[in-house]
Amino acid sequence: MQFKKAIVSLAALSLLALGVAGCGGGDKKAEAPKDNGKKVVLKVGATPVPHAEILNFVKPQLAKEGVDLQIVEFTDYVKPNLSLADKELDANYFQHIPYLEKFAKDRNMKLVVLTKVHIEPMGVYSRKIKDLKDVKDGARVGIPNDPTNGGRALVLLEKAGLLKLKEGKDITATKQDIVSNPKHLDIVEAEAAMLPRSLDDCDIAVINSNFAMEAKLNPVKDSLFIEKDSPYANVVAIREGDDKRPELQKLAKALTTPEVKKFIEDKYKGAVVPAF
């Protein structure tokens, strides 16, 4: 009999414990936010500097908002857009608007801007001279070989007083649009990412700030001439129709906060400028 009573008592205690858990702990648990440890994965392609660095800065904040930001680094200007169009990425962050628009048009891709983030002034660099007035006749000049950045580089060379383009020519300019080249510059086109390495072979080179910084060049201190008030804002690009996705809206918001603005200003000291 004692043994049966003990079993009954244990059963009663178990039921009581379940009741307490259901009334007390259970209610508290239901009121707390449900966290199953799962986050929405967001894959964003980027060039290392400064794009990936800025993304890494906002990564912890996005994690708090349930977004697992995965940064895929690229060292060229073609693959990030191809990967985005092929749905291997959810977004990319490496290019300015004219480049995106031309790339998308030429390849019939529906890629659009999510948000502007920063501007990288393009600059003229050299390891052989200290001043553009020392550019010699027949000097070898490196510029990017992609259409928009190539035209942008020619415009910068015109502003520096080294050549003159056809009236009204801007970012769409090519070497054929040069109408005056008093120093007989030998303009050589190369992949933008390779231009810092070309400084040993060229007298001067026009380099995008992200690739200049990767090569340990300071656009503010090391350039012989640099863009002022550049209109070429670097943007986050997405596929058309994806702008309402909550995780992409969170990314856009995270990249345009006062904290990001301060991070850009403090870290890059004028070499990269906030565009918001």
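Anything mentioned here points back to the structure above.
The shown structure was predicted, so the numbers you read here are calculated from the model rather than taken from an experiment. Throughout, residues of each chain are indexed from 1 in the direction in which the sequence is written. Where totals are concerned, whole chains, interfaces and linings use all residues; where local detail is concerned, this predicted model gives features only for residues with pLDDT of at least 70, and gives and counts side-chain atom pairs only at 80 or more. The basis for every side-chain value is the complete set of non-hydrogen atoms in the structure, without hydrogens or water.

## Some thoughts on unusual backbone geometry
Heads up, the rule is: The helix and strand labels rest on DSSP assignments: H or I over at least four residues marks a helix, E over at least two residues marks a strand, and numbering proceeds from the N terminus. Here's how the labels work: a residue is buried when its accessible area is under 20% of the maximum for its type, exposed when over 50%, partly exposed in between, all with a 1.4 Å probe on protein chains only.
Going from Val49 to Pro50, the amide bond is cis rather than trans, its omega being -5°. Within the element layout of this structure, Pro50 appears in helix α2 (residues 48-64). In this model, Asn108 sits at a positive phi of 55°, which is unusual for a non-glycine residue. By the secondary structure assignment, Asn108 is in the loop between α4 (97-106) and β4 (111-119). With a phi close to 50°, Lys269 is a non-glycine residue in the positive phi region. Given a relative accessible area of 61%, Lys269 falls into the exposed group.

## Comments concerning the sheet that holds strand β6 (residues 140-144)
Defined as follows: When DSSP locates at least two bridges between a pair of strands, those strands are taken to pair. Any two residues whose heavy atoms approach within 4.5 Å at even a single point are treated as in contact. Only the stretch in contact is used when fitting a helix axis, every axis being a line fitted to C-alpha atoms; angles between N-to-C directions are given from 0 to 180 degrees.
Taken in spatial order, the five strands of this open sheet run β9-β6-β10-β5-β11, and their pairing is mixed. In this open sheet, the two edge strands, each paired with only one partner strand, are β9 (186-190) and β11 (225-226). Pairing of strand β5 (residues 123-125) with β11, which is carried by two bridges, proceeds in the antiparallel orientation. Among the inter-strand pairings, Gly123 is bridged to a residue of β11, identified as Ile226. Its contacts with the sheet put helix α5 (residues 147-159) on β5, β6, β9, β10 (204-207) and β11, and the angle it makes with β6 is roughly 135°.

## A few points about the nonpolar core
Rule in force here: Only buried residues count toward a nonpolar core. Its members are Ala, Val, Leu, Ile, Met, Phe, Trp, Tyr and Cys residues joined through side-chain atoms within 4.5 Å.
Ranked by size, the top nonpolar core spans 29 residues in total, and within it Val44, Ile54, Leu55, Val236, Leu251, Leu255 and Tyr268 carry the most contacts. Residue assignment for this core shows that the elements contributing at least two residues are β1 (40-46), α2, β2 (67-73), β3 (91-96), β4, β12 (233-239), α8 (246-254) and α9 (258-268). The leading source of residues in this core is α2, at six residues. Non-local contacts of Leu255, meaning those with residues more than four positions away in its chain, are made with Ile54, Leu55, Val58, Val117, Val236, Val260 and Phe276. Core analysis: the next-biggest nonpolar cluster, separate from the first, contains 23 residues, Phe94, Leu100, Phe103 and Leu217 among them.

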